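Below are the chains, spelled out letter by letter.
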Amino acid sequence: METGLTHWGDIFVVIVYFCFVLGVGLWSLCRPNRGTTSGYFLAGRDMVWWPIGASLFASNIGSEHFIGLAGTGAASGIGMVAYEWISMPLVLMLGWIFLPVYLSAGVYTLPEYLQKRFGGQRLRVYLSVLSLVLYIVTKIAVCIYAGALFIQLSLGWDMYLSIVLLLAITAVYTVLGGLAAVIYTDTLQTAIMMIGSSILCGIGFVKIGGLEGLQERYMTAVPSVRVNNTTCGYPREDAFHIFRSLTNSDLPWIGTILQSSIGCVWYWCADQVIVQRALAARNLTHAKAGGILAGYLKILPLFFMIYPGMISRVLYADEVACVDAETCDRVCGNPGGCSNIAYPKLVLGLMPVGLRGLMMAVMMSAIMSSLTSIFNSSSTIFTMDLWRRFRSSASERELLLVGRVFIVFLCGVSIAWIPLVKSSAGGQLFVYIQAIQSYLGTAIGALFFTAIIWKRMNEKGAFFGILAGHTCGVIRMILDFVYPGPECGAADTRPAIIANMHYSYFGTLVIIVSVSVIVVVSLLTEPLPEERLEGLTWWTKVSGSRPKDTTLELTEKNLEEKDADTQTMKSSDVPASEDRPEKVGGGLCKRWVDLIMGRADEHAVNVNVQTQLAEDPKWQKVVNINAVIGMCVMMFMYGYFG
C-alpha cells in the first residue's frame with residue numbers, strides 16, 4: 001500500500017494538531033484540585049453538558065471504530081450500525097435510571113457501588129479485576145492495534161514501533177492531568193474527527209456517484225482471485241439492511257436487537273469509562289444533556305465509518321475484499337481477511353495533500369481519546385477499589401502516584417494481547433469486540449440493572465448470578481479461540497454450540513442464566529435490612545427535593561453505619577487526606593512534585609448529593625423533550641434503513 005505523509009503540507013497539519021492537543025492538555029493542568037482524588041479521577045465534579053457529551057462520544061469512538069466498523073462495512077454492509085444507533089435509549093437509561101442511584105450512593109467507581117449496595121468485599125474485588133481484564137482484551141489492546149495498523153499502513157513503520165509511539169504520546173497528559181485533561185482533549189478531538197470524516201465521506205461519494213452509485217457498485221465489488229464454485233468474495237444480498245435473516249445471516253435480527261440493547265446495558269450504564277464521565281457532571285441535568293448529545297453523535301458512524309468502508313471495497317476490491325489466504329497475507333499480513341485496511345486504504349487513495357495529514361490527525365484523535373479515557377478509568381478502579389483494599393492507610397499522594405504507575409503496567413499487558421486480536425474474527429475487528437463483550441459484559445449489565453431495580457436482591461444472589469453468567473461466557477470464549485471459524489468455502493466442523501448459536505443469541509442466554517440465578521439465590525437466602533438500602537436503589541435513592549445530610553465523599557463513620565462487614569476496612573473508602581493537602585519538602589523538588597502530582601485546593605468544598613441531584617424545572621423539561629426527540633430520530637433511522 002502506498003505510504004503517505006511525505007509531503008510537508010501533511011506533516012504541517014499533524015504538527016498543528018499535536019500543538020492544539022498539547023495546548024488543551026496543558027491548559028487543563030491549571031485547573032484546581034488536580035492534586036486530590038476527586039479532582040484527578042472525577043474532574044472536580046464540575047463539568048458542563050457539552051464536554052461531557054463530546055467525551056462520551058470520543059471515549060466510545062476509538063480507532064477500533066474507524067478500522068473495525070469500516071472493515072465490517074466493507075465485508076458485510078451496514079448491519080453493525082444497529083450497535084451504534086441503540087446508544088440513544090441506553091444513554092437515556094444511564095441518565096434517568098442508573099446515574100441518580102450512582103450519585104445518591106456517592107461513589108467514585110462502580111465496584112464501589114456494589115460494595116455499598118450489598119456489603120462485603122468479594123463482589124467489589126471480583127468486578128474490579130474483571131473490569132481491568134475486559135479493558136485489556138476489548139478496549140486497550142484493540143485500540144492500540146487498530147491505531148498502530150493505521151500508522152503502519154500510512155507511514156510504513158513497524159507495528160510495534162507504532163504502538164510505542166502511541167503509548168508515549170497518550171501517557172503524558174493522561175498521567176499528569178487526570179479526567180479533566182481527558183475530557184477537554186476529547187472535546188477537541190471530537191471536533192477534529194467530525195470535520196475530517198465528513199470531508200472523506202464527501203470525497204468518497206463524489207468518486208463513486210453518490211449513494212445510488214454505492215448501492216449499485218458495492219454489489220458487484222468482488223476480488224479477481226476467488227475460491228472456485230463458491231460465493232466467497234461476493235457481497236451479501238442484505239448488505240444495505242439492518243434486519244437480516246434469523247437462520248443464515250451474519251447478524252440475525254432478533255439476536256442483534258437483543259444484544260445491542262439489553263446486552264449493551266453494561267457498556268453504557270455500568271462501565272467505568274462511560275459512567276465516570278457522567279459522574280463528573282456539575283449536576284444531573286448536565287449529565288442527562290451530555291448523554292443526549294452523545295446519542296445524537298452516535299447516529300454519525302454510518303456516514304463517517306461504515307459507508308467509507310463500503311466505498312473502499314468498491315474502489316479497491318482486490319485488496320479490501322480478498323478471500324484467498326495467500327493474497328490476503330501478501331496484502332495485509334492476515335490470511336483471515338483484509339477488511340480492516342478499508343479505511344486507511346481509502347484515506348491514502350483518495351485524500352489530497354494536506355487532507356491526508358488531517359485524516360492522520362483524525363485517527364490520532366480517535367486513538368488518543370479512547371486510550372486516555374480507558375487509562376484514566378482503569379487507574380481509578382485499580383487505585384480506589386484494589387489498592388486501598390490492601391493499603392487502607394494509603395495517603396492521597398500515594399493513591400495518585402499508584403494510579404499513574406498502573407497506566408504504564410496496563411500498556412505492557414495490552415501489547416502482549418495484540419497477536420490474538422490481530423488474528424481474531426476473520427479480519428473483522430468489530431466482530432471480535434462485540435463477541436467478547438457479549439460473553440463477558442452482558443452479565444455485568446444484568447447484575448447492575450437488577451441491583452438498582454429489585455430491593456430484594458442480596459449479596460449471595462449477586463455474586464453467584466454473575467459467576468454463573470461469566471462461567472458460561474468464558475467457556476464459549478475459550479471455545480471460540482480453540483475452534484476458529486472456517487475459511488470461506490470450507491466445511492464448518494466446529495461444535496454445534498459455536499457453529500449454530502450466534503454470539504448475539506449466546507449473550508441473551510448469558511443474561512437469562514445470570515438473572516435466574518440472582519432471583520433464585522436471593523429468594524432462598526436472607527434479605528438485606530431495609531435501612532441498609534438507603535440511597536442505593538431506584539426506590540430508596542436520594543432526590544433533589546429530599547434532604548439528606550451527606551456528601552459524595554462517604555465518610556468512614558457513614559460507611560460503618562452502612563455495613564458492619566467493612567469495619568476492618570476503616571478509612572479505605574476515603575483517602576487519608578481527602579480534605580487537606582500533604583506537605584512535601586520545599587525547594588525545587590517540591591515544585592516538581594506539585595507539577596506532576598498537582599496541588600490540592602485548600603478551599604475546595606465537597607459536592608452535596610442533593611445539589612448534584614437537584615434539577616431546575618425549566619431545564620429538566622428541555623432535557624426531557626430532547627430525550628423524546630432523540631428516541632423518535634433513532635426509531636426513524638431504524639425504520640428507514642431496516
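In this report, the structure presented in the accompanying data block is examined. Residue positions are given per chain, counting from 1 as you read along its sequence in written order. Under the rules for a predicted model, residues below a pLDDT of 70 receive no local features and side-chain atom pairs below 80 are neither given nor counted, while totals for whole chains, interfaces and linings still include all residues. Values reported for side chains reflect all heavy atoms of the structure, with hydrogen atoms and water molecules removed beforehand.

**A few points about the packing of aromatic side chains**
Then step 1. Under the pairing criterion, centres of Phe, Tyr and Trp rings, with the six-membered ring standing for Trp, must be within 6.5 Å; the plane angle then separates stacked pairs below 30 degrees from edge-to-face pairs above 60, leaving the rest tilted. Considering all chains together, one arrives at 23 aromatic pairs under this definition.
Then step 2. Each ring, one from F406 and one from F409, has its centre 5.8 Å from the other, and the planes form 35 degrees; the classification is tilted. One end of the pair is F406 and the other is F409, both in helix α20 (residues 396-423) and 3 residues apart, which spans about a single turn.
Then step 3. Aromatic ring contacts, followed pair by pair, group W85, F243, W253, F636, Y638, Y640 and F641 into a single cluster.
Then step 4. Just above the ring of F506 sits the side chain of R476; from NZ or CZ to the centre is 5.3 Å.
Then step 5. Whether a charge sits over a ring depends on NZ of Lys or CZ of Arg being within 6 Å of the ring centre and within 35 degrees of the ring normal. Across the ring face of W538, the terminal group of K541 is positioned such that the distance to the ring centre comes to 3.6 Å. Only DSSP runs of H or I covering at least 4 residues are called helices, and only runs of E covering at least 2 are called strands; the numbering of each starts at the N terminus.

**Side note on the environment of I374**
Then step 1. Here I374 is to be found in helix α19 (residues 355-390).
Then step 2. Separated by 100 residues in the primary sequence, I374 and I274 place their C-alpha atoms 9.4 Å from one another.
Then step 3. Contacts of I374, omitting those with residues within four sequence positions, involve Y135, K139, I140 and V273. Any two residues having at least one pair of non-hydrogen atoms within 4.5 Å are treated as being in contact.

**So, the nonpolar core**
Then step 1. Nonpolar cores were defined as sets of buried Ala, Val, Leu, Ile, Met, Phe, Trp, Tyr and Cys residues, with membership established by side-chain atoms within 4.5 Å. Whether a residue is buried, partly exposed or exposed follows from its accessible area with a 1.4 Å probe, protein chains only, as a fraction of its type maximum: under 20%, in between, or over 50%, in that order. Within the largest apolar cluster, 162 residues are counted, with the highest numbers of intra-cluster contacts made by F66, W85, Y102, Y113, L214, I444 and F448.
Then step 2. No other element matches the 15 residues that α19 contributes to this core.

**A look at the packing of helix α6 (residues 87-105) against helix α14 (residues 284-297)**
Then step 1. Note on definitions: angles span 0 to 180 degrees between N-to-C directions of axes, and those axes are lines fitted to C-alpha atoms, for helices only across the stretch in contact. Following both chains from N to C, one finds α6 and α14 inclined at 160 degrees, their axes separated by 8 Å at the closest point. Judged by the inter-axis angle, α6 sits roughly antiparallel to α14. Note that α6 runs across α14; the crossing there is right-handed. On α14, the residues touching M88, V91, L92, G95, W96, L99, P100 and L103 of α6 are L284, A287, K288, G291, I292, G295 and Y296.
Then step 2. Note on residue classes: Ala, Val, Leu, Ile, Met, Phe, Trp, Tyr, Cys and Pro are nonpolar, Asp, Glu, Lys and Arg are charged, and everything else, Gly too, is polar. Here the contact of α6 with α14 is built from residues that sort into 11 nonpolar, 3 polar and 1 charged. Any angle from 65 to 115 degrees is called roughly perpendicular, while one under 35 is roughly parallel, one over 145 is roughly antiparallel, and all others are oblique. Crossing handedness follows the turn of the near helix against the far one: under a right angle anticlockwise gives a left-handed crossing, and clockwise gives a right-handed one.

**Details of the state of the cysteines**
Then step 1. Our working definition of a disulfide is a cysteine sulfur pair at a distance within 2.5 Å. This model, assessed by the stated rule, comprises 1 disulfide.
Then step 2. The disulfide partner of C322 is C328, and the S-S distance across this bridge is 2.2 Å. One quick way to see it: the torsion about the S-S bond of C322 and C328 is about 130 degrees, and its sign makes the bridge right-handed.
Then step 3. When its relative accessible area of 7% is taken as the criterion, C322 is described as buried.

**Side note on the packing of α6 against helix α13 (residues 272-279)**
Then step 1. Between α6 and α13, the least distance of the axes is 11 Å, while the angle of their chain directions is 75 degrees. Here α6 lies roughly perpendicular to α13, going by the angle between them. Facing L94, L99, Y102 and L103 of α6, the residues of α13 in contact are I274, V275, A278 and L279.
Then step 2. Residues of the contact of α6 with α13, tallied by class, amount to 8 nonpolar, no polar and no charged.

**Re the pattern of salt bridges**
Side chains carrying opposite charge are able to pair once their charged atoms draw close together.
Then step 1. Take a side-chain nitrogen of Lys or Arg and a carboxyl oxygen of Asp or Glu: if they are within 4 Å of each other, that pair is a salt bridge. For the coordinates displayed, the defined rule picks out 11 salt bridges.
Then step 2. Residue K298 pairs with E84 through a salt bridge whose shortest N-O separation is 2.3 Å. One end of the pair, K298, is in the loop between α14 and α15 (301-315); the other, E84, is in helix α5 (residues 82-85), with 214 residues separating them in the sequence.
Then step 3. Judged by relative accessible area, which is 1%, K298 ranks as buried.
Then step 4. Between D238 and R244 there is a salt bridge, with its nearest N and O atoms 3.9 Å apart.
Then step 5. Classification of R244 by relative accessible area gives buried; the value is 2%.
Then step 6. Residues joined by salt bridges that share partners form a network here, namely R236, D238 and R244.

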